[in-house]
Amino acid sequence: MSTDTQKSWLTPFNVIVGVILLVGGFITILRFTKGLAGVTNLTDNNPWGIWISFDLLCGVALAAGGFTTSAACYIFGLKRFHSAVRPAILTAFLGYSLVVFALHYDVGRPWRLPYPFFVQSGTTSVLFEVGLCVFLYLITLFVEWVPSALEWLGFKKPRNVIIRMTLALTIFGVVLSTMHQSSLGALYLIAPSKLHPLWYSMFLPLFFFVSAIAAGLSMVIFEGTLSHHYLHDKMDKVYLSEHEGVTFGFAKGAAVVLVVYFFIKIVGITLDNNWQYLFTGYGAWFLFELLGFVALPAFLYALAVREHNATLVRWAAVLTVLGIILNRFNVSLVAFNWQLPPAERYFPSWMEIAVSVFIVTVGLLVFRFIATRMPIFYEHPAFKEHVPHEGEEEEAPEFVEHELKPHPQTLGH
Amino acid sequence: MKRRTFLGLLGAGGAACVLGQSAHAAGPKEFPGYPGSFGVLFDATRCIGCRRCEAGCNQVNGLPAPPEPFDDLSVLDRKRRTNAKTYTIVNRYDNIPGAGGPVFRKNQCQHCLEPACASSCFVRAFTKTPQGAVTWDGSVCVGCRYCMIACPFDIPTFEYWEPLTPRIMKCTMCWPQITTGKLTVPGCVGACPVEALVYGKRSDLLKIARGRMAAFPGRYLDHIYGEREMGGTNWLYISGVPFKDIGLREDLGTTAAPQLTSGALATVPIIATAWPALLVGIYAIHRRMDKISHEEQVQAVTRAVAQAQEEAAAKLAKAKADAEADKKAAIAREVKKALEEAAKAQTEEDK
């Protein structure tokens, strides 16, 4: 046993993860002893860096798979996406948890993060709305996720109570997501003098919301691909049989959403009559984003659905996810403070990047820890809702074994 | 506090007409500033760039001593901004066409009538006092720095080097010192040797500014910067050269910052009320469609079964009838046969 563990400990994966965690821990100490100046390149002109651009803006957008998938399944009646709900909810719950975790690095006095809700509320602030919705949605996601843990632990009664609240929770989640996904864009409405006109629009909230749906759908596809690769043995027949339907169904949805997004972006340019900016350097960058990371993935998604090409769907998903990241970086960093001279612009320090990598790594580890133990990719045999399709056999018993057997690659086990 | 409530109501009130309208469009309501509020008028034609205002500010606010002493004018060779240890700075602007020499301009918080920082703060750490100053309350600040994003004049600064207790630092127009009677005018105004700064009621300052324009034709541009910029500010500027040449942006517009986000915030209650109904509606439609399709299925099956049964019954009846007929025929045949046989026997007996 000991030699066996020794061997599995020294995998390249564990070494890389170990280094990332060590570096992350080191920078955490620096941040809380030397202040933000000790680890970031933030200045008075550039108060928000990649901890906001990536950890907050991208983190929330990419966690949109939770509300899109549960809405598709429970509200829009697309029941064949049912097996995709739990992985998406888990991804979203972890995503939002990490967003809040990351904010503890960024804000000056992290223990005061609950102040807006419990001490003094600034209701005229868009950030108040973002904070309140993220706070409430994090609780919602926790409640939506908790049945997996309760099934794992064998608590039948509380689990059944929560399952009965599914529709209400889903609706609450969609309402909160609509609000805060769009409000993240609305954060920048107050600074028209700092954001480049091509990215500033009164429709920023709508742009953020619509693109978050595309991001959510694409992340479900992307995350499904990764999980298939690394957690295949945890998946039951229902998950595997529905997986193709989910991939192509979501691809179809993403294609439509991206096309809508493309056209409302054009509408935004038209209403503000910003066409002349397209012929500047920023215009080229804007077109690069819009054509390369919105129009192209929309086309690829549509093509992939038509040709029934799952590989192409996955590439389109990767491109869409990169496009959302690019967009959030453009709004919050590249096109923000565009009028400042180059010397006063912001570029992240390596430690800021390392903290973001550290946080994503923590997320991956927790995801794997949960997905290898709790019924995420399979239905717990004791809590089956799915009537097996015709010709399918009950495969419950073999999963009892998985449940108890720790994954060989799991760190710390 | 009341003012914030007012701003909130303003946002909500503007809600109905904002959807689908330009965010820049001013609402029907306007806040002209607290009557009798105080401000400062800066005259760029008088400022000599001596940095005494910086020294005065530093002293009355108890700020740390800067690396270069205040009589070192070489710092004017580079463009500076306010920071967490300096509430105000003076910059020199060279080579402005038609200026005939360098022009100096002092920078500090403009004390907006409707401040972006106050509207953007999610713990209401900023207060627009009725006396005109915009102040900050460190007891609730989370350190999110959204005020710094929101401020169009890049004024709030942050103590980045503080690990756990960083503060937002900015000019207070010496409000704490003036309300407690320690000062009668802000530190910078008191230190100015050439009266480039005048402290007074904003309404009076506007009159003074216009008076100077009238008294010295051709000396000033016909524009009081801050009268309308970003909805108006308590700090006002007059100058003989374009304001954009002395570091004051002329593209900020006249919309007060809270109006820029009021429309988006107004959609919140709309979504909160309309979305659940819409979503439950969609869900209910799906349930209903499922139910109808199920009912139709049941009906179709029932109909098919009934039809099959009918057909089977008819077949059975026909078969039964046939059988009956057969039986009758057979009986008749048998009877006939028996009768014939009986008759035959009778005939034979008779013989």
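This structure is a prediction, so every number in the text was calculated from the model and none was measured.

**Student:** Help me out: how do you make sense of the overall build of chain A in this one?
**Tutor:** In terms of helices and strands, chain A carries 16 helices and 0 strands. Computed over its C-alpha atoms, the radius of gyration of chain A comes to 22 Å, within 12% of the 22 Å expected for a compact globule of 413 residues. Summarising its shape, the C-alpha atoms of chain A cover approximately 65 × 50 × 45 Å along the three principal directions. Taken over 413 residues, chain A has a buried fraction of 58%. Of all intrachain contacts in chain A linking residues separated by at least 6 positions in sequence, the fraction that spans at least 24 positions is 80%. Accessible surface for chain A amounts to roughly 17200 Å². Of this, 72% is attributable to carbon and sulfur atoms.

**Student:** Hey, could you run me through the packing of aromatic side chains in this one?
**Tutor:** Any pair of aromatic rings gets described here by the distance separating the centres and the angle formed by the planes. Tallied over the full model, the rule gives 33 aromatic pairs over all chains. For the pair A:W48 and A:Y188, a centre-to-centre distance of 6.2 Å together with 85° between the ring planes defines the contact as edge-to-face. Of the two residues, A:W48 is situated in the loop between α3 (36–39) and α4 (50–62) and A:Y188 in the loop between α10 (166–186) and α11 (204–230); the sequence distance between them amounts to 140 residues. A centroid spacing of 5.4 Å and a plane angle of 85° characterise the contact between B:F31 and B:Y34, whose relative ring orientation is edge-to-face. The exposure class of B:F31 is buried, given its relative accessible area of 13%. Residue B:Y34 is classed as partly exposed on the basis of its relative accessible area, which comes to 22%. Taken together, the ring pairs in this structure connect A:F32, A:W51, A:F101 and A:Y105 into an aromatic cluster. Over the ring of B:F216 we find B:R219, and its NZ or CZ is 5.1 Å from the ring centre.

**Student:** I keep staring at the interface of chain A and chain B and nothing clicks. Help me out?
**Tutor:** Many structure descriptions define interface size as the accessible area lost when the parts assemble. With 59 residues of chain A at the contact, the number on the chain B side is 65 residues. Between chain A and chain B, roughly 5400 Å² of surface is buried when both sides are summed, and carbon and sulfur atoms account for 62% of that area. Three residues stand out in chain A for area buried against chain B, namely A:D44, A:T124 and A:I190, and they jointly supply 15% of the buried area on that side. Scanning the region where chain A abuts chain B turns up 4 salt bridges. Its salt-bridge partner being B:R145, residue A:D106 comes within 3.0 Å of it at the nearest N-O pair. Where chain A packs against chain B, one counts 34 residue pairs in polar contact (both at pLDDT 80 or more). Counting residues per element, the ones that place at least two in the side of chain A that touches chain B are α2 (12–34), α3, α5 (65–75), α7 (115–118), α8 (126–153) and α10 of chain A.

**Student:** Is there a simple way to explain α10(A) in this structure?
**Tutor:** Along an α-helix, residues three or four apart share an orientation, since each turn contains 3.6 residues. Here α10(A) contains 21 residues, and its C-alpha end-to-end distance of 30 Å stays within 8% of the 30 Å for a straight helix at 1.5 Å per residue. The buried count for α10(A) comes to 18 of 21 residues, which makes it a mostly enclosed element.

**Student:** In this structure, what is going on with the nonpolar core? I would like to understand it.
**Tutor:** The nonpolar side chains of soluble globular proteins are, as a tendency, buried together. Membership of the largest hydrophobic core comes to 193 residues, with the highest contact counts inside it found for A:W145, A:Y188 and A:Y301. Setting aside anything within four residues of it in sequence, one finds A:Y188 in contact with A:W48, A:I52, A:L57, A:L195, A:Y200, A:L204, A:V331, A:S332 and A:F336. In this structure, B:A209, B:Y220, B:I224 and B:L236 belong to the second largest nonpolar core, which totals 10 residues.

**Student:** What is the right way to look at a nonpolar patch on the surface in this model?
**Tutor:** Residues A:F118, A:V119, A:F135 and A:I139 make up a contiguous nonpolar surface patch of roughly 390 Å² in combined accessible area. Within the secondary structure, A:I139 is located in helix α8.

**Student:** For this particular structure, what's the right way to read the packing of α2(A) against helix α15 (residues 350–371) of chain A?
**Tutor:** Angle between the axes and distance between the axes: these two values describe a pair of packed helices. Residues and elements named next belong to chain A. Their axes nearest at 9 Å, the elements α2 and α15 cross at an angle of 125°. Compared by their axis directions, α2 and α15 come out oblique. As α2 packs across α15, the resulting crossing turns out to be left-handed. When α2 is examined against α15, the residues F13, V17, I20, L21, V23, G24, G25, I27, T28 and L30 are found in contact with a partner set consisting of W350, M351, A354, V355, V357, F358, T361, V362, L365 and R368. Partitioning the contact of α2 with α15 into residue classes produces 15 nonpolar, 4 polar and 1 charged.

**Student:** Explanation requested: the sheet that holds strand β9 (residues 235–238) of chain B in the structure shown.
**Tutor:** Residues and elements named next belong to chain B. One open sheet holds the 3 strands; their spatial order is β8-β1-β9, and the pairing between them is mixed. Only two strands of the sheet have a single neighbouring strand rather than two, namely β8 (197–201) and β9. The sheet shows a mean angle of 25° between the axes of neighbouring strands, direction not considered. Looking at chain direction, strand β1 (residues 38–43) and β9 are connected through 4 bridges and run parallel. Paired with V40 across the two strands is W235, which belongs to β9.

About the thresholds
Residues numbered from 1 in each chain as written. Chains lettered and ligands numbered in written order. Predicted model: local features only at pLDDT ≥ 70, side-chain atom pairs only at ≥ 80, totals over all residues. Heavy atoms only, no water. Helix = DSSP H or I, 4+ residues; strand = E, 2+ residues; numbered from the N terminus. Rg over C-alpha atoms; globule rule 2.2 N^0.38 Å. Buried < 20%, exposed > 50% of the residue type's maximum accessible area, 1.4 Å probe, protein only. Contact = heavy atoms within 4.5 Å. Areas by Shrake-Rupley, 256 points an atom, 1.4 Å probe, with all protein chains shown as cover. Phe/Tyr/Trp six-rings, centres within 6.5 Å; stacked < 30°, edge-to-face > 60°. Lys NZ or Arg CZ within 6 Å of the ring centre and 35° of its normal. Buried area = accessible area lost by both parts, 1.4 Å probe. Salt bridge = Lys/Arg side-chain N within 4 Å of Asp/Glu carboxyl O. Polar contact = N/O pair within 3.5 Å; in protein donor to acceptor, adjacent residues only side chain to side chain. Expected span 1.5 Å × (residues − 1). Core = buried A, V, L, I, M, F, W, Y, C linked by side-chain atoms within 4.5 Å. Patch = residues over 30% accessible without salt bridge, like charges linked within 9 Å, V, L, I, M, F, W, Y side chains within 5 Å. Axes fitted to C-alpha atoms, helices over the stretch in contact; angles between N-to-C directions. Parallel < 35°, antiparallel > 145°, perpendicular 65-115°, else oblique. Left-handed = near helix turned anticlockwise from the far one by under 90°. Nonpolar A, V, L, I, M, F, W, Y, C, P; charged D, E, K, R; others polar. Pairing = 2+ DSSP bridges.

By themselves these figures say nothing about function.
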